[in-house]
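# Reading the structure
These are the residues of each chain, in order.
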Amino acid sequence: MIATTFRTARLAMLPLQVEYAPEMAKVLADPALYTFTGGEPPSVESLENRYRRQLAGPGRDDEHWLNWVIQYDDQLVGYVQTTVTGSTAEIAWVVGTDWQGRGYAKEAAQGLVAWLDEQGVERIIAHVHPDHAASAAITAAAGLIRTDQLDDGEYLWTT
């Protein structure tokens with residue numbers, strides 16, 4: 001399975017490239033983005049290294065790392081990603097602070113779920129921090145249902 005370009009009404013999901021790192025470092029520069037996930041804004045160099053690792057993949061035949069940047073009006077605004085193991089996909093997304101509140105994360109997450117459905121994925125999961133109401137709303141809008149299972153302090157959501 002490989003990441004291919006796909007579109008929603010307003011967005012294009014473009015397969016990850018190392019060359020996106022400088023623009024994405026700006027998108028991911030706000031420390032507030034890491035409130036629920038931990039970490040800190042990446043430098044261009046660390047993002048280039050991360051992208052190289054992600055593009056190389058896990059090196060296991062039954063696991064695929066698929067990553068896209070989210071583009072709106074010729075500018076990058078965030079990313080979506082999934083790890084597909086067998087017929088299960090774990091999804092995640094981040095939209096930069098400057099572009100939040102416009103429905104981009106919801107639209108991108110819904111588009112990712114639809115793309116995964118087209119690829120024959122049978123189960124989709126996400127992990128959401130209990131206090132992250134915006135991510136919970138996005139996850140629900142993408143068709144996942146919250147379980148009572150906590151995994152590393154986050155609720156497991158699934159289709």
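Residues numbered from 1 in each chain as written. Predicted model: local features only at pLDDT ≥ 70, side-chain atom pairs only at ≥ 80, totals over all residues. Heavy atoms only, no water.

## Section: the nonpolar core
- Met-24, Trp-68 and Leu-116 are the most contacted members of the largest nonpolar core, which totals 49 residues.
- The biggest single contributor to this core is helix α3 (residues 104–118), with eight residues.
- Residues contacting Leu-116, with those up to four places away along its chain left out, are Thr-82, Val-84, Ala-89, Ile-91, Val-121 and Ile-124. (Core = buried A, V, L, I, M, F, W, Y, C linked by side-chain atoms within 4.5 Å. Buried < 20%, exposed > 50% of the residue type's maximum accessible area, 1.4 Å probe, protein only. Helix = DSSP H or I, 4+ residues; strand = E, 2+ residues; numbered from the N terminus. Contact = heavy atoms within 4.5 Å.)

## A few points about the sheet that holds strand β7 (residues 145–151)
- The eight strands lie next to each other as β1-β2-β3-β4-β5-β6-β8-β7, forming an open sheet whose pairing is mixed. Each of the sheet's edge strands pairs with one partner strand only, and the pair in question is β1 (6–7) and β7.
- Relative to strand β2 (residues 12–15), β1 is paired through two bridges, and the arrangement is antiparallel. The partner of Phe-6 across the bridge, within β2, is Met-13.
- Helix-sheet contacts for α3 involve β1, β2, β3 (63–72), β4 (75–85), β5 (88–95) and β6 (123–128), and the interaxial angle to β5 is about 160 degrees. (Pairing = 2+ DSSP bridges. Axes fitted to C-alpha atoms, helices over the stretch in contact; angles between N-to-C directions.)

## Observations concerning empty space enclosed by the protein
- Counted by the stated rule, this structure contains one cavity of 30 Å³ or more.
- Approximately 80 Å³ is the volume attributed to the largest cavity.
- In this structure, the largest cavity is lined by Leu-16, Leu-28, Leu-47, Arg-50, Tyr-51, Gln-54, Asn-67, Trp-68, Val-69, Tyr-79, Val-80 and Gln-81.
- Of all the elements in the fold, those that place two or more residues in the lining of the largest cavity are α2 (44–56), β3 and β4.
- The leading source of residues in the lining of the largest cavity is α2, at four residues.
- Here the lining of the largest cavity is built from residues that sort into eight nonpolar, three polar and one charged. (1 Å grid on protein atoms, 1.4 Å probe; cavity = no way out; pocket = protein on both sides within 12 Å on 5 of 7 lines; lining within 4 Å. Points joined across faces, edges and corners; volume = space filled by probe spheres on them. Nonpolar A, V, L, I, M, F, W, Y, C, P; charged D, E, K, R; others polar.)

## Re the side chain of Thr-8
- Turning to its location among the elements, Thr-8 is positioned in the loop between β1 and β2.
- Sequence-distant contacts of Thr-8, that is, excluding residues within four places in its chain, are made with Met-13, Glu-107 and Gly-111.

## Points about helix α4 (residues 133–141)
- Within the span of α4, buried status applies to Ser-135, Ile-138 and Thr-139. Within α4, the buried residues cover an arc of 100 degrees as seen down the axis, which keeps them to one side.
- Buried residues belonging to α4 abut β5, α3, β6 and β8 (154–158).
- Positioned one or two residues after α4, Gly-143 has a phi angle of 100 degrees, which is positive. (Arc of directions from axis to C-beta.)

## Some points on the environment of Leu-144
- Turning to its location among the elements, Leu-144 is positioned in the loop between α4 and β7.
- The spatial distance from the C-alpha of Leu-144 to the C-alpha of Ala-12 is 22 Å, given a sequence separation of 132 residues.
- Once you skip the residues sitting within four places of it in the chain, Leu-144 turns out to touch Val-113, Ile-124, Ile-125, Ala-126, Thr-139, Trp-157, Thr-158 and Thr-159.

## Description of α2
- Over its 13 residues, α2 extends 18 Å from the first C-alpha to the last, a length consistent with the 18 Å expected when each residue adds 1.5 Å.
- Within the sequence span of α2, burial applies to Leu-47, Tyr-51 and Gln-54. Each buried residue of α2 sits inside an arc of 65 degrees when the element is viewed along its axis, so together they form one side. Of the residues in α2, the exposed ones pointing more than 90 degrees away from the buried face are Glu-45, Arg-53 and Ala-56. (Expected span 1.5 Å × (residues − 1).)

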